[in-house]
Amino acid sequence: MPLVISKLNKKYGSQVIFHNLNISFDDNVINCILGASGCGKTTLLNIISGLEKYEHGEIRGAEGATFSYIFQEPRLLDWYTVEKNMWYIMGNIDRTAAMKRIERYLAVTGLTKFRNYLPRQLSGGMKQRLSIARAFAYPGSILLMDEPFKGLDIKLKRELTEEFVKLWNEDRRTVLFVTHEPSEALMMADNIHIIGGEPCRELYRTELKTDRSSRAESTDEIVNVRKKLYSFFTD
Ligand SMILES: Nc1ncnc2c1ncn2[C@@H]1O[C@H](COP(=O)(O)OP(=O)(O)OP(=O)(O)O)[C@@H](O)[C@H]1O
Ligand SMILES: [Mg+2]
């Protein structure tokens with residue numbers, strides 16, 4: 001089911017973040033969300049996942065959903081090792097299946113040999129990788145990713161992006177992926193949404209038709225959408 005948000009209203013004190021926001025996200029595709037810092041991206045993900053309250057509005061398509069969430073700031077349990085941080089979120093998933101998933105995602109993110117480290121013994125990028133591994137390992141039906149690859153070097157970012165698209169292809173779920181990088185959205189998105197303004201609304205939405213394997217080439221679509229995206233952020 002698509003995620004359909006209608007007439008959403010959210011304030012922090014007297015600051016109006018959303019006033020009758022309408023936005024919808026297709027299901028089982030990668031939806032990238034771009035927008036200026038402070039416009040309300042994290043607030044939107046928090047509302048969708050049920051972590052944040054709102055005044056009124058309607059959210060359809062989230063009933064009965066389970067969420068995997070890569071928070072903007074890694075929320076790790078400081079007194080648990082890397083491996084225990086993985087186990088902690090697996091809930092009542094079958095132990096053998098959970099173990100398989102944990103091993104796989106520790107390996108994918110290059111953390112297998114750091115499994116006994118505590119979060120304070122990890123670098124910032126390693127903590128980020130652990131929160132990615134954790135969210136991938138938990139098979140939520142909706143995957144929320146709030147700038148998951150920030151602070152990582154270009155090589156690792158490229159590897160994780162490719163790995164993410166591969167994993168997603170094997171096990172398609174609805175993804176909401178917040179990024180500040182138009183290039184990241186152009187590489188991986190099915191749909192791109194730009195939000196912004198005060199109060200925050202959807203400013204632009206497009207569906208990319210170019211196959212992901214040809215995204216690095218300058219097809220007409222990619223060139224045009226790239227131009228459009230940059231026009232929102234360079235004024
Ligand atoms: N708990 C809070 N209490 C008060 N104001 C808040 C709270 N959380 C967010 N805000 C305000 O709401 C606005 C939107 O914040 P949000 O974190 O959603 O922005 P964002 O688009 O995710 O920005 P960034 O790209 O920098 O992460 C900001 O003006 C922020 O100051
Ligand atoms: Mg944010």
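In the block above lies the structure referred to throughout.
Please read these numbers as outputs of a predicted model, since none were measured by experiment. Once a new chain begins, its residue numbering starts again from 1 and follows that chain's sequence as written. Chains carry letters from A onward and ligands carry numbers from 1 onward, assigned in written order. Residues qualify for local features only when their pLDDT is at least 70, as the model is predicted, and side-chain atom pairs are given and counted only at 80 or more; totals for whole chains, interfaces and linings, by contrast, use all residues.

Enquirer: It is not clear to me how the sheet that holds strand β5 (residues 67-70) should be interpreted in this structure. Could you clarify?
Expert: The strand order across the open sheet built from six strands is β5-β6-β7-β3-β8-β9, with neighbouring strands paired in mixed fashion. Each end of this open sheet is capped by a strand with a single partner; those strands are β5 and β9 (201-207). The average undirected angle you get between the axes of adjacent strands in this sheet is 15°. Here a strand pair is declared whenever DSSP counts at least two bridges between the two strands. Going along the chain from the N terminus, every DSSP run of H or I of four or more residues is numbered as a helix, and every run of E of two or more is numbered as a strand. Here β5 runs beside strand β6 (residues 142-146); their pairing, made up of four bridges, is parallel. Across the sheet, the residue bridging to tyrosine 69 is leucine 144, located in β6. Packing against the sheet, helix α7 (residues 220-233) makes contact with β3 (30-34), β8 (191-196) and β9, and its axis sits at approximately 165° to β9. Structural elements are reduced to axes, namely lines fitted to C-alpha atoms, with helices fitted over the stretch in contact, and the angle between N-to-C directions of any two is expressed from 0 to 180 degrees. What counts as a contact is two residues whose backbone-derived C-beta atoms lie within 7 Å of each other.

Enquirer: Would you mind going over the site of ligand 1 with me for this structure?
Expert: In the vicinity of ligand 1, the contacting residues are Tyr12, Ile17, Gly35, Ser37, Gly38, Cys39, Gly40, Lys41, Thr42, Thr43 and Gln72. In terms of residue count, the dominant contributor to the shell around ligand 1 is helix α1 (residues 41-49) (three residues). Tallied by class, the residues present in the shell around ligand 1 amount to three nonpolar, seven polar and one charged. Any residue whose backbone-placed C-beta atom lies within 6 Å of a molecule or strand is treated as near that molecule or strand. Basically, the charged four are Asp, Glu, Lys and Arg, the nonpolar ten are Ala, Val, Leu, Ile, Met, Phe, Trp, Tyr, Cys and Pro, and anything else, Gly included, counts as polar.

Enquirer: Honestly, α1 in this entry has me stumped. Any pointers?
Expert: An α-helix turns once every 3.6 residues. As a result, residues three or four positions apart point the same way. Every buried residue of α1 is accounted for by Lys41, Leu44, Leu45, Asn46, Ile47 and Ile48. Buried-residue contacts for α1 involve β1 (3-12), β3, β4 (56-60), β6, β7 (174-178) and β8. Phi turns positive one or two residues past the end of α1, at glycine 50, with a value near 90°. With C-beta atoms placed from the backbone, a residue counts as buried when 20 or more other C-beta atoms lie within 10 Å of its own, as exposed when 12 or fewer do, and as partly exposed for counts between those limits.

Enquirer: How should I be thinking about the environment of threonine 112 in this particular structure?
Expert: If you trace the backbone, threonine 112 turns up in the loop between α3 (95-108) and α4 (124-137). A count of 15 C-beta atoms within 10 Å places threonine 112 in the partly exposed class. Once residues lying within four places of it in the same chain are set aside, the contact partners of threonine 112 are Leu106 and Ala107.

Enquirer: Just to check I follow, could you spell out the sheet that holds β1 for this structure?
Expert: Neighbouring strands of a sheet are bound in pairs by backbone hydrogen bonds; such pairs are parallel or else antiparallel. An order of β2-β1-β4 is seen for the three strands of this open sheet, with the pairing classed as antiparallel. Two strands bound the open sheet, and with one partner strand each, they are β2 (15-25) and β4. Taken over all neighbouring pairs, the strand axes of this sheet differ in orientation by 20° on average, direction set aside. Judged from the four bridges that link them, β1 and β4 form a sheet pairing that is antiparallel. Note that in β4 the partner of isoleucine 5 across the bridge is isoleucine 59.

Enquirer: Just checking my understanding: could you explain unusual backbone geometry for this structure?
Expert: Phi is mostly negative for residues that are not glycine, and the peptide bonds are mostly trans. The omega torsion of the bond from glutamate 198 to proline 199 falls at -5°, within 30 degrees of zero and hence cis. With respect to the helices and strands, the residue proline 199 is situated in the loop between β8 and β9. One non-glycine residue, lysine 7, adopts positive backbone phi at about 50°. Position of lysine 7 among the secondary structure elements: in strand β1.

Enquirer: Would you mind going over the pairing of β2 with me for this structure?
Expert: One ladder, built from seven bridges, connects β1 with β2; its direction is antiparallel. Note that in β2 the partner of lysine 11 across the bridge is valine 16.

Enquirer: Honestly, the nonpolar core in this entry has me stumped. Any pointers?
Expert: A set of buried Ala, Val, Leu, Ile, Met, Phe, Trp, Tyr and Cys residues, joined to one another through C-beta atoms within 7 Å, is what we call a nonpolar core. Residues Cys32, Ala133, Leu144, Met145, Leu176 and Phe177 are the most contacted members of the largest nonpolar core, which totals 53 residues. Marked domain ranges trace back to an automatic or database domain assignment. Of the domains in this structure, domain 1 (1-66 + 141-235) and domain 2 (72-139) are the two that each give at least three residues to this core. Apart from the residues within four sequence positions on either side, leucine 176 is in contact with Phe25, Asn31, Ile33, Leu45, Leu144 and Met145.

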